[in-house]
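What follows is the residue order along each chain.
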Amino acid sequence: MRQHFAVFGQPIAHSLSPYIHAEFGKQCGVELDYVAIEASPEDFASAVATFRAAGGRGANITLPHKQAAYALCKEVSEYAFHVGAVNTLMWQDDGWMGCNTDGVGLIVDLTERERLDLRGRRCLMLGAGGAARGVVPAMLEAGVAELIIVNRTAARADELVDAVGEPDRVKSRYWEDLAALGDFELIINATAAGHQTTVMDLPFSLLSPRCLAVDLSYGKAAIPFLSWAKAGNCDHAVDGLGMLVEQAAESFLRWHGVRPQTDGVYTTLRAKQDALISAD
Ligand code: NDP
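Residues numbered from 1 in each chain as written. Predicted model: local features only at pLDDT ≥ 70, side-chain atom pairs only at ≥ 80, totals over all residues. Heavy atoms only, no water.

K.L.:
What am I meant to see in the overall build of the protein chain here?
P.N.:
Along its length, the protein chain carries 10 helices and 12 strands. In terms of C-alpha radius of gyration, the protein chain reaches 18 Å, essentially the compact-globule figure of 19 Å for 280 residues. Taking the intrachain contacts of the protein chain between residues at least 6 apart in sequence as the baseline, contacts between residues at least 24 apart amount to 68%. Summed over its atoms, the accessible surface of the protein chain is roughly 12700 Å², and 52% of this surface lies on carbon and sulfur atoms. Within the protein chain, the 35 negative side-chain charges are centred at a point lying 3 Å from the centre of the 24 positive side-chain charges. (Helix = DSSP H or I, 4+ residues; strand = E, 2+ residues; numbered from the N terminus. Rg over C-alpha atoms; globule rule 2.2 N^0.38 Å. Contact = heavy atoms within 4.5 Å. Areas by Shrake-Rupley, 256 points an atom, 1.4 Å probe, with all protein chains shown as cover. Lys, Arg positive; Asp, Glu negative; His and termini not counted. Charge placed at Lys NZ, Arg CZ, Asp CG, Glu CD.)

K.L.:
Just checking my understanding: could you explain the site of the ligand for this structure?
P.N.:
Of all residues adjacent to the ligand, which total 26 residues, the nearest are Ala-131, Asn-151, Thr-153, Arg-156 and Gln-196. Residue Ala-128 places a main-chain N or O atom 3.0 Å away from an oxygen atom belonging to the ligand. Residue Gly-129 places a main-chain N or O atom 3.5 Å away from an oxygen atom belonging to the ligand. Protein chains shield 86% of the accessible area of the ligand, which is 920 Å² for the free molecule. The biggest single contributor to the shell around the ligand is helix α9 (residues 241-256), with 3 residues. For the shell around the ligand, the residue count by class is 10 nonpolar, 12 polar and 4 charged. (Near = heavy atom within 4 Å. Polar contact = N/O pair within 3.5 Å; in protein donor to acceptor, adjacent residues only side chain to side chain. Nonpolar A, V, L, I, M, F, W, Y, C, P; charged D, E, K, R; others polar.)

K.L.:
Got a minute to help me understand empty space enclosed by the protein in this structure?
P.N.:
By rolling a water-sized probe across the atoms, one finds the places where empty space is left. In the structure shown here, the tally under the stated rule is 1 cavity of 30 Å³ or more. Volume-wise, the largest cavity comes out at about 30 Å³. Lining the largest cavity, in full, are His-82, Val-83, Arg-133, Pro-137, Leu-160, Ala-163 and Val-164. Every element with two or more residues in the lining of the largest cavity is listed here: α4 (78-83), α6 (130-141) and α7 (154-164). The element best represented in the lining of the largest cavity is α7, accounting for 3 residues. In terms of residue class, the lining of the largest cavity is built from 5 nonpolar, 1 polar and 1 charged. (1 Å grid on protein atoms, 1.4 Å probe; cavity = no way out; pocket = protein on both sides within 12 Å on 5 of 7 lines; lining within 4 Å. Points joined across faces, edges and corners; volume = space filled by probe spheres on them.)

K.L.:
Is there a simple way to explain the environment of Tyr-266 in this structure?
P.N.:
Here Tyr-266 is to be found in helix α10 (residues 263-279). We classify Tyr-266 as buried; its relative accessible area is 12%. Every residue in contact with Tyr-266, bar those within four places of it in the chain, is listed here: Arg-113, Glu-114, Leu-241, Gly-242 and Val-245. (Buried < 20%, exposed > 50% of the residue type's maximum accessible area, 1.4 Å probe, protein only.)

K.L.:
Could you clarify how one ought to interpret the pairing of strand β7 (residues 122-126) in this entry?
P.N.:
Successive side chains on a regular strand alternate, one facing one side of the sheet and the next facing the other. Counting buried positions over the 5 residues of β7 gives 4, a clear majority of the element. Strand direction decides the pairing type here: β7 and strand β8 (residues 146-150), joined by 5 bridges, are parallel. Residue pairing across strands places Cys-123 opposite Leu-147, the latter belonging to β8. For the crossover that starts at β7, traverses α6 and ends in the parallel β8, the hand is right-handed. Two strands pair when backbone bridges link them, and β7 and strand β10 (residues 184-189) are joined in this way by 4 bridges, in the parallel orientation. Bridge pairing links Met-125 to Ile-188 in β10. (Pairing = 2+ DSSP bridges. Right-handed = clockwise from strand over helix to strand, strands pointing away.)

What follows is the structure in structure tokens.
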């Protein structure tokens, strides 16, 4: 029987998730529909209820609804509880079960596809929104030595540091003090700045010679940060396309009990994205 899935967000028209899940479904022999549903913060809960009433089995949740999705769940995974944000809903008996696959998606991409070792690195996280919340515990589990979180709105960085509860290892600092923080071996851009016309003014002093720079966004939105990193002779610069595919595979596993192969979908999307960027 055909099963119904969706991704909710705003904006959502650009989402690659319907393509990714359709490909995974074909590969694994799972009959599914997967659609993108645009919902404003005010309409989010009722849009999810309408989707469920029409037979919806599961959904991905993206910007800006991950914390609102958490509030809709009757039960959440330990990881989602820890980060206070849900990117995957699964209908179970009489309510939504929520989990968060962003963190594992990022770590699988960096350690398995890019073959990078994160252990012992001094890290900087730019941003403290839903994506940052989703990946911080996974970075700690992957063995980073120290994590400094800097956010435009300082209070959100403080909240995230408090939620993590490892004050010796995870600290917040002010954006104005970036130039005084020394250098890092891993810098993650978890801001949405790349989607805007404003360019973040980042000092090159943040980059150590063996620095890995990761932008969680992909496509044109990742260009400003990754160009800055390359201009500062950063050792390795990675965008969020691989994370997107891996977090989708983790959602698929939770819904259907099988983890699809990701290399084919990743290679196709990478080629499409490179073609789009060079056509500009
Ligand atoms: P949120 O809206 O929850 O958070 C946005 C973050 O960006 C906040 O920290 C915000 O700071 C910061 N920010 C926005 N504009 C600027 C700016 N001009 N300068 C500095 N900081 C800024 O979004 P998400 O956390 O969900 O998403 C963040 C990024 O991660 C997006 O680009 C998204 O596409 C990407 N992402 C990628 C995924 C993947 O699978 N590859 C998965 C999830 C997200 P403030 O608190 O001050 O507003």
